[in-house]
Amino acid sequence: MHENHPIRDQIRGLVHQLKQLPRHLAAPPPTNSNGNGTGQQHPPEGPQAILAKCRELAMQVKVPGELKEQLAAAMRESGIPVPENEERWNMAMEALRGVWASKYNDRAFYSLRKCGIESDDVRMAVCVMRVVPARYAFVIHTKNPSNNDANEVFCELVKGLGESLVSGMVPGSSIAFAARKDNLDHPETLAYASKSEGMFVRESLIFRSDSNGEDLEGYAGAGLYESITMDETQLVRVDYNDDPITKDPEFRRKVMSDICKVGAAIEAALGSAQDIEGVVDPDGNVHVVQTRPQV
């Protein structure tokens, strides 16, 4: 769209300014933000100010009508519910722009800079998915990263959405467990959760970032950019002590075993160690959201 050209040109100019900055820049101290530049108590300076302006501009991009039509057609073909009215579509497009804008988040800038990678070398795609109602969310490493044991699956699990596990927005530890690949029916609980909150959302869509940062040699680029739900996620107080995942040993064993078996099966199918994200729905079904080669 020609009306987006001025925005494109301004972002290109700002990215050029970022490239002129000294190569070795110290990352700012952590804030209570989600890494996307919000939640700062003082006005940003230096690269943070430039990145904030890039995000502001990206949020002004007008999504072409043809893209919206193509997206709706692809969603129908895939069995994904299409936003039912203009208000819901506006919410969807706002989430899409939010993912685009996250290409200029502080975390990604400093991470890439540290490894000598220009932001232009990283390409982003956005995957639109239905949010699976999540009782629990999990991450699987099919090679235990704590000891590099290729014969052991290592997993972490939280109540609610996986963002509370992978984003760092919810403090505290997750449930950790592992299982030998020759004994997947008997996983071992390594740690219980200390998180007091979980993230939940109504039936919705999620706009998930994906990038070739995960494929660049010598760089673990998972989680560089944001994944954003169309509807706002809610932080809800949770009690792990009163949940069957803690107090019911047989329930816990089955859930953990099912997750470990899924991880082992995906690794066997793809032929290499995998980093897998997924959820367990209220009926106990395991859903895989994404998998990537484990770095």
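Located above this text is the structure these notes cover.
The structure contained in this document is the topic of the report that follows.

1. Some points on empty space enclosed by the protein
- In the structure shown here, the tally under the stated rule is 1 cavity of 30 Å³ or more.
- Taken as a whole, the largest cavity encloses approximately 150 Å³ of empty space.
- Taken together, 14 residues line the largest cavity, and the ones lying closest to its centre are Leu18, Phe109, Leu112, Glu118 and Ser119.
- Those elements giving two or more residues to the lining of the largest cavity turn out to be helix H1 (5-20) and helix H5 (106-114).
- Among the elements that take part in the lining of the largest cavity, H5 stands out by supplying 4 residues, more than any other.
- In terms of residue class, the lining of the largest cavity is made up of 8 nonpolar, 1 polar and 5 charged.

2. Remarks on the layout of surface pockets
- A volume near 550 Å³ is recorded for the second largest pocket.
- Lining the second largest pocket are 16 residues, with Arg8, Ile11, Trp100, Lys103 and Tyr104 positioned closest to its centre.
- If one sorts the elements of the lining of the second largest pocket by residue count, H1 sits on top with 5 residues.
- Here the residues of the lining of the second largest pocket sort into 9 nonpolar, 2 polar and 5 charged.

Quick notes on the rules
- Residues numbered from 1 in each chain as written.
- Predicted model: local features only at pLDDT ≥ 70, side-chain atom pairs only at ≥ 80, totals over all residues.
- Heavy atoms only, no water.
- 1 Å grid on protein atoms, 1.4 Å probe; cavity = no way out; pocket = protein on both sides within 12 Å on 5 of 7 lines; lining within 4 Å.
- Points joined across faces, edges and corners; volume = space filled by probe spheres on them.
- Helix = DSSP H or I, 4+ residues; strand = E, 2+ residues; numbered from the N terminus.
- Nonpolar A, V, L, I, M, F, W, Y, C, P; charged D, E, K, R; others polar.

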